[in-house]
Amino acid sequence: MSLYIENELGGIVKSIMDNYADDKFIDKTDIFNQPDKTAIIDILYKLQEIVFPGFFKSETYKSYTLQAMVSMLVEDVMYRLIKQIAIVLRYNDKFAEADKETVNIEAERLAVAFFREMPRLREVIETDVQAGFDGDPAAYNREEIVVTYPGFYAIFVNRIAHELYKLEIPLIPRIMTEHAHSITGIDIHPGAVIGEYFCIDHGTGIVIGETTEIGNNVKIYQGVTLGALSTRGGQKLRNKKRHPTIEDNVTIYSGASILGGQTIIGKNATVGGNAFITKSVLAGALVRRND
């Protein structure tokens, strides 16, 4: 390191430390009471091993039986999940000032409630695998869907995150879906309600907002936005229906934008590529860009 740099370092560090003293939100330094993103992503990968025991296996767990492996995985994930839930519960006003024992008891209850839904979750995820295979002639087997398709991975993560969201667990669901977003380019808010047999083909650039409702047997192509008409109202719009409803058996082709909480795409409708829709579409309709 040069003498010039050595002489400058002290002043730079002091200026940063002085800036920390301004009481800005980003000055927060209590890292031990913040959720651990790395740990949460690791939980997600281990949940993937539980959901797909024959597809994703960790060298960490060596066992002669499937039951023993699942037992070790569930115990590990349960412990890690409880720890992270206990941290994020402090963001809930009800638990902000609660004692540690109360928070831990609630974290344990929520983690158990989540795992009790695992068999049902696996049944729904099975339908997504089938939808991906049935809807893509380029897929030669269902294994290909599970192992390689980014659209399916984004759906899987959303299924997990949505269960945690329904339990009103702060932050963790969003960390999970934003992880999927960062590696797939598919942005699905954990609050979105999505039916069975959901298929995302190609997937890059898809946005699905928090209050979106999607029925069964829906297929979406790349670049689709299911968004709000406007977010200029900011926090005043929280808990209001801002995003569209997509009913059963709808296909939405690439680049389409469907906006607004009152917008409903009726059953069996088809939305063509690059269509811009802010009004409801009748069941069975074909909507094209120039319609």
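These lines cover the structure that appears in this document, whether it is placed above or below. (Residues numbered from 1 in each chain as written. Predicted model: local features only at pLDDT ≥ 70, side-chain atom pairs only at ≥ 80, totals over all residues. Heavy atoms only, no water.)

### Description of the overall build of the protein chain
Then comes step 1: Scanning the protein chain from terminus to terminus reveals eight helices and 14 strands.
Then comes step 2: Projected onto the principal axes, the alpha-carbon positions of the protein chain cover approximately 65 × 55 × 50 Å.
Then comes step 3: Counting the 291 residues in the protein chain, one finds 44% classified as buried.
Then comes step 4: Long-range pairs, those at least 24 residues apart, make up 47% of the contacts in the protein chain with a sequence separation of at least 6.
Then comes step 5: Summed over its atoms, the accessible surface of the protein chain is roughly 16,500 Å², and 53% of this surface lies on carbon and sulfur atoms.
Then comes step 6: Taken as two groups, the 31 positive and 38 negative side-chain charges of the protein chain have centres that lie 5 Å from each other. (Helix = DSSP H or I, 4+ residues; strand = E, 2+ residues; numbered from the N terminus. Buried < 20%, exposed > 50% of the residue type's maximum accessible area, 1.4 Å probe, protein only. Contact = heavy atoms within 4.5 Å. Areas by Shrake-Rupley, 256 points an atom, 1.4 Å probe, with all protein chains shown as cover. Lys, Arg positive; Asp, Glu negative; His and termini not counted. Charge placed at Lys NZ, Arg CZ, Asp CG, Glu CD.)

### Let's talk about the packing of aromatic side chains
Then comes step 1: Per the counting criterion, the structure on display carries five aromatic pairs.
Then comes step 2: Ring plane angle 40 degrees and centroid distance 6.2 Å describe the contact between Tyr 153 and Phe 156, whose orientation is recorded as tilted. Taken as a pair, Tyr 153 and Phe 156 lie in helix α7 (residues 150-166) at a separation of three residues, close to a single helical turn. The residues Tyr 153 and Phe 156 share a single accessibility class, namely buried. (Phe/Tyr/Trp six-rings, centres within 6.5 Å; stacked < 30°, edge-to-face > 60°.)

### Focus: the sheet that holds strand β13 (residues 276-277)
Then comes step 1: Read from one edge of the open sheet, five strands run β1-β4-β7-β10-β13, paired in parallel fashion. Edge positions in the sheet fall to β1 (187-188) and β13, since each of these pairs with one other strand and no more.
Then comes step 2: When strand β10 (residues 257-259) meets β13, the two strands line up parallel, connected through two bridges. Within the sheet, the bridge partner assigned to Ser 257 lies in β13 and is Phe 276. (Pairing = 2+ DSSP bridges.)

### Brief notes about helix α1 (residues 3-20)
The periodicity of an α-helix, 3.6 residues per turn, causes residues three or four positions apart to be oriented the same way.
Then comes step 1: Here α1 spans 27 Å end to end across 18 residues, near enough to the 26 Å set by a 1.5 Å rise per residue.
Then comes step 2: The sharpest bend along α1 measures roughly 30 degrees and falls at Leu 9. (Expected span 1.5 Å × (residues − 1). Bend = angle between axes of the 7 residues up to and from the residue.)

### Focus on helix α5 (residues 118-134)
Then comes step 1: The end-to-end C-alpha distance of α5, which contains 17 residues, comes to 24 Å, matching closely the 24 Å that a straight helix rising 1.5 Å per residue would cover.
Then comes step 2: Of all the residues in α5, the buried ones are Met 118, Leu 121, Val 124, Ile 125, Thr 127, Asp 128, Val 129, Ala 131 and Gly 132.
Then comes step 3: In the core, the buried residues of α5 are packed alongside α2 (37-51), α4 (100-116), α6 (142-148), α7 and β3 (199-201).

### Considering the packing of α4 against α5
Then comes step 1: Where α4 meets α5, the axes come as close as 5 Å, and the angle between the chain directions of the two elements is 40 degrees. It follows from the interaxial angle that α4 and α5 lie oblique. From α4, Phe 114, Phe 115 and Arg 116 reach across to α5, where they touch Met 118, Pro 119 and Leu 121.
Then comes step 2: Its residues assigned to classes, the contact of α4 with α5 comprises five nonpolar, no polar and one charged. (Axes fitted to C-alpha atoms, helices over the stretch in contact; angles between N-to-C directions. Parallel < 35°, antiparallel > 145°, perpendicular 65-115°, else oblique. Nonpolar A, V, L, I, M, F, W, Y, C, P; charged D, E, K, R; others polar.)

### Remarks on the pattern of salt bridges
Pairs can form between side chains of opposite charge once their charged atoms are near each other.
Then comes step 1: This model, assessed by the stated rule, comprises 13 salt bridges.
Then comes step 2: Here Arg 174 makes a salt bridge to Glu 178, at a shortest N to O gap of 3.4 Å. Of the two residues, Arg 174 and Glu 178 both sit in helix α8 (residues 172-184), four residues apart, roughly one turn of that helix.
Then comes step 3: Judged by its relative accessible area of 39%, Arg 174 is partly exposed.
Then comes step 4: Between Arg 242 and Glu 210 there is a salt bridge; the shortest N-O distance is 2.8 Å. With a gap of 32 residues between them, Arg 242 in the loop between β7 (225-227) and β8 (245-246) and Glu 210 in the loop between β4 (207-208) and β5 (213-214) connect regions that are remote in the sequence.
Then comes step 5: Judged by relative accessible area, Arg 242 falls into the buried class, the value being 15%.
Then comes step 6: What emerges from the salt-bridge pattern is a single network uniting Asp 42, Lys 46, Asp 76 and Arg 80. (Salt bridge = Lys/Arg side-chain N within 4 Å of Asp/Glu carboxyl O.)

### Digging into the nonpolar core
Then comes step 1: Core analysis: the biggest nonpolar cluster contains 45 residues, and Leu 47, Ile 85, Phe 114, Phe 115 and Met 176 have the highest contact counts within it.
Then comes step 2: Sorting the residues of this core by element identifies α2, α3 (66-88), α4, α5, α6, α7 and α8 as the ones contributing at least two each.
Then comes step 3: Discounting residues that sit within four places of it in the chain, Phe 114 has contacts with Leu 47, Leu 81, Leu 121, Ile 160, Glu 163, Leu 164 and Leu 167.
Then comes step 4: Counting 27 residues, the second-largest nonpolar core is a separate cluster that includes Ile 206, Ile 246, Val 271 and Ile 277. (Core = buried A, V, L, I, M, F, W, Y, C linked by side-chain atoms within 4.5 Å.)

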